[in-house]
Amino acid sequence: SAVISQKPSRDICQRGTSLTIQCQVDSQVTMMFWYRQQPGQSLTLIATANQGSEATYESGFVIDKFPISRPNLTFSTLTVSNMSPEDSSIYLCSVVGLGAEAFFGQGTRLTVV
Amino acid sequence: AQSVTQLDSQVPVFEEAPVELRCNYSSSVSVYLFWYVQYPNQGLQLLLKYLSGSTLVKGINGFEAEFNKSQTSFHLRKPSVHISDTAEYFCAVTPLGGATNKLIFGTGTLLAVQP
């Protein structure tokens, strides 16, 4: 199993500003995943973060809006840039274990006002 | 491409009654299947998974699921629910042999257990 710590756990931000979410894993992993869960919705993959290369973004998500860093094998950050109320969501960091199951952080609950 | 359908957005049930949460998937390749639970204001926790072998898999908290390849289904069941089982349940798949292990989630089913 993997233990994932996310910071901050929640935040209220002004529109037009940016928020950086941190994800720390207790073991080295090749890939880390960032998901968004909009209110009352399911999870949607934003991007896959690989150490040493640029993140791979899913359709509908772009690097300018959601820049990702992956400086080493245990840490990643997701920035939500130039926020609007539509960005209010839960953002979750995830890694995949040896048994193919995903482990998730507790999430960052973002409210944009 | 893969997709996951959870037809029931909400399932109300009385305590100690049995429950089944339905999940169907679509994929042109073989997949691994998962059920996750999300309690209020918490992250996701793995309930159970099917990778291969026996089609009936048992998970935590008394839940089990049966993989039916011909019907492309992976329904979740529990013979007797408790109030504490009230949560959102997500079915998910990941394709075998893909370049990544990304998950494709269904829209979720809210299990509402009533006393």
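Refer to the structure presented above.
Predicted model only: the values in this text are computed from it and were never measured. (Residues numbered from 1 in each chain as written. Chains lettered and ligands numbered in written order. Predicted model: local features only at pLDDT ≥ 70, side-chain atom pairs only at ≥ 80, totals over all residues. Heavy atoms only, no water.)

**Describing the packing of aromatic side chains**
Taken as a whole and judged by the stated rule, the model has 12 aromatic pairs over all chains. On the basis of an interplanar angle of 35° and a centroid distance of 6.1 Å, the ring pair of F34(B) and Y36(B) is categorised as tilted. Exposure class is identical for F34(B) and Y36(B). Each is buried. On the numbers, 6.1 Å between centres and 50° between planes, the contact of Y36(B) with F105(B) is tilted. Within this pair, whereas Y36(B) is found in strand 5 (residues 31-38), its partner F105(B) is found in strand 11 (residues 104-105), the two being separated by 69 residues in sequence. Through successive ring pairs, a cluster of aromatic residues spans Y35(A), F104(A), F34(B), Y36(B), F90(B) and F105(B). (Phe/Tyr/Trp six-rings, centres within 6.5 Å; stacked < 30°, edge-to-face > 60°. Buried < 20%, exposed > 50% of the residue type's maximum accessible area, 1.4 Å probe, protein only. Helix = DSSP H or I, 4+ residues; strand = E, 2+ residues; numbered from the N terminus.)

**Topic: the interface of chain A and chain B**
Taken together, the contact between chain A and chain B spans 19 residues of the former and 20 residues of the latter. When the buried surface of chain A facing chain B is broken down by residue, S42(A), A100(A) and F104(A) rank first, second and third, together holding 24% of it. At the junction of chain A and chain B, the tally comes to 2 salt bridges. Linking K102(B) and E58(A) is a salt bridge whose minimum nitrogen-to-oxygen distance equals 2.9 Å. Between the two partners, chain A and chain B, sit 7 residue pairs in polar contact (both at pLDDT 80 or more). Counting residues per element, the ones that place at least two in the side of chain A that touches chain B are strand 4 (31-37), strand 5 (43-50), strand 9 (89-96) and strand 10 (102-104) of chain A. With 4 residues, the top contributor of residues to the side of chain A that touches chain B is strand 4 of chain A. Counted by class, the side of chain A that touches chain B contains 10 nonpolar, 6 polar and 3 charged residues. (Contact = heavy atoms within 4.5 Å. Buried area = accessible area lost by both parts, 1.4 Å probe. Salt bridge = Lys/Arg side-chain N within 4 Å of Asp/Glu carboxyl O. Polar contact = N/O pair within 3.5 Å; in protein donor to acceptor, adjacent residues only side chain to side chain. Nonpolar A, V, L, I, M, F, W, Y, C, P; charged D, E, K, R; others polar.)

**Description of the state of the cysteines**
A complete count under the given rule lists 2 disulfides over all chains for this structure. Paired through a disulfide, C23(A) and C93(A) show a sulfur-sulfur distance of 1.9 Å. One quick way to see it: the torsion about the S-S bond of C23(A) and C93(A) is about -70°, and its sign makes the bridge left-handed. Taken together, the residues span a long stretch of sequence, with C23(A) in strand 3 (residues 19-25) and C93(A) in strand 9 at a distance of 70 residues. Judged by relative accessible area, which is 0%, C93(A) ranks as buried. Here C23(B) is linked by a disulfide to C91(B), with a sulfur-sulfur distance of 2.0 Å. (Disulfide = S-S within 2.5 Å.)

**Some words on the pattern of salt bridges**
Residues and elements named next belong to chain B. Applying the stated criterion across every chain, the model contains 9 salt bridges over all chains. Where D8 meets R22, a salt bridge forms, and the shortest distance between an N and an O atom there is 2.9 Å. Here D8, found in the loop between strand 1 (3-5) and strand 2 (10-14), pairs with R22, found in the loop between strand 3 (19-21) and strand 4 (24-26); they are 14 residues apart in sequence, far enough to count as distant. A relative accessible area of 32% means that R22 is categorised as partly exposed. Of the charged contacts in the structure, one is a salt bridge between E64 and K58, with a shortest N-O distance of 2.8 Å. Through salt bridges with shared partners, one network takes in E20, K58, E64, E66 and R77.

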